[in-house]
Amino acid sequence: MTCPRLEYRSSDEEHTFDHERPYCTVMNEFVSPMRADVCNDRFEFSHDADCEVYRSMVESSTAIEADDD
Amino acid sequence: MSYQEYVDGKKVILTVATTGGVHGKDANPNLPEQPDEIAEQVRECEELGAAIVHVHGRDEHGENNARRLQEVNDAIRDRCDDIIIQNTTGGQSTMEERIEGIRTDPTPEMASLDMGPFNRGQHIITEHNRHNIELLAREMKEQGIKPELEVFNNGHLNEVYRLIETGLLEEPYYINIIFGSGTFSIPSPENVMNMVRNLPENSEFNLLATGRHQLPLTTLSPILGGHVRVGMEDNLYYRRGEPVRSNAQLVERSAAIIDRLDADLATPDDAREMLGMR
């Protein structure tokens, strides 16, 4: 399953492209080609296991929920 | 493979790595990704003296896709005269993908062959185990494709010796010694010289250094009897704070340095002869 925080955009505040590129809505920046393989769960990668950005976001969310308890 | 060879007028093979698999246009908009723009930059680099082009394929989003190598190869052949095509078999994809680099039609004259894994991010290790390395080496030998052995760190040099023992390589062994951050060899002149001292007999070496280290360490290589790889795969800046305008800008500078060192650039035919490709 593709990372739910991955989008394809052709621009952000700094860049404009004539094509859509992979964009991480956690980092708020375009992602490198190698990281995009992880975002898309290509080959044997899995974003929830192999992406430190996604993992840290989930851990932060879990910590916030725990604080709310 | 020595200073004496440099003094005696050994020619220098200049390789350009235009694209790679690591950076995108978000890092430098001048990085060529699509077949036509890659081929256009390769043509400029060939005119400036590059004898070999190291090739990666990207999809329409700029993401890695080894199945685009055929289109890139075709575009380069359309625009260039005689530059040697060296397709990648590296990266972090599966063997099924990576082997596409040696299954284009026609097959490339050369291909890269990573001598072991390296780390990416916090969780990624590339899948370059001995089984896969030997599988690629065997097919390259059968197809008459010259491997460039990618030595990311000095432990990988042990793997070169091991691969030589299998009989899957032919002399001269063409070894790309790599310096940079992460899993790569620590970039310093001392480490370059130590690596060169430890190379197998009957080998030729190429030198790749990333980022800030590209200019000084590739300048050292010809003096030690080695060859040079530059390009935007390895370095996105011309000088500190100034992004590269094109691969040609880096190739032009290296060609000028080699000329100032009173050495000659190898033509593609010279390179074929030096590397035992014909």
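Scroll up to find the structure this text is about.
Residues numbered from 1 in each chain as written. Chains lettered and ligands numbered in written order. Predicted model: local features only at pLDDT ≥ 70, side-chain atom pairs only at ≥ 80, totals over all residues. Heavy atoms only, no water.

A.B. asks: Could you give an account of the sheet that holds strand β3 (residues 29-30) of chain A, naming the residues involved and the relevant values?
C.D. replies: Paired through backbone hydrogen bonds, the strands of a sheet run either parallel or antiparallel to each other. All names here are of chain A. On the basis of which strands lie adjacent, the open sheet formed by three strands has the order β1-β2-β3 and antiparallel pairing. Of all the strands in the sheet, just β1 (6-11) and β3 have a single pairing partner and so form its edges. The sheet contact formed by β1 and strand β2 (residues 16-24) spans five bridges and is antiparallel. Across the sheet, S11 pairs through a bridge with T16, a residue of β2. (Pairing = 2+ DSSP bridges. Helix = DSSP H or I, 4+ residues; strand = E, 2+ residues; numbered from the N terminus.)

A.B. asks: Which residues make up empty space enclosed by the protein, and what values do they have?
C.D. replies: Residue and element names in this part refer to chain A. Summed over the entire model, instances satisfying the criterion amount to two cavities of 30 Å³ or more. The volume enclosed by the largest cavity comes to roughly 80 Å³. Lining the largest cavity are C3, R5, L6, C24, V26, R35, C39, H47, C51, V53 and Y54. Listing elements by their share of the lining of the largest cavity, those giving two or more residues are α1 (33-39) and α3 (52-68). Grouping the constituent residues of the lining of the largest cavity by class yields eight nonpolar, one polar and two charged. Counted as a void, the second largest cavity has a volume near 50 Å³. (1 Å grid on protein atoms, 1.4 Å probe; cavity = no way out; pocket = protein on both sides within 12 Å on 5 of 7 lines; lining within 4 Å. Points joined across faces, edges and corners; volume = space filled by probe spheres on them. Nonpolar A, V, L, I, M, F, W, Y, C, P; charged D, E, K, R; others polar.)

A.B. asks: Which residues make up the interface of chain A and chain B, and what are the values?
C.D. replies: The interface of chain A with chain B comprises 24 residues on the first partner and 24 residues on the second. Between chain A and chain B, roughly 2000 Å² of surface is buried when both sides are summed, and carbon and sulfur atoms account for 57% of that area. Considering only the surface of chain A that becomes buried against chain B, P33, M34 and F43 of chain A emerge as the three largest contributors, covering 34% of it. Run the count over chain A and chain B and you get three salt bridges. Between D26 of chain B and R21 of chain A there is a salt bridge, with the nearest N and O atoms lying 3.9 Å from each other. For the pair chain A and chain B, the number of links is eight residue pairs in polar contact (both at pLDDT 80 or more). Here the side of chain A that touches chain B is built from residues that sort into 12 nonpolar, four polar and eight charged. (Contact = heavy atoms within 4.5 Å. Buried area = accessible area lost by both parts, 1.4 Å probe. Salt bridge = Lys/Arg side-chain N within 4 Å of Asp/Glu carboxyl O. Polar contact = N/O pair within 3.5 Å; in protein donor to acceptor, adjacent residues only side chain to side chain.)

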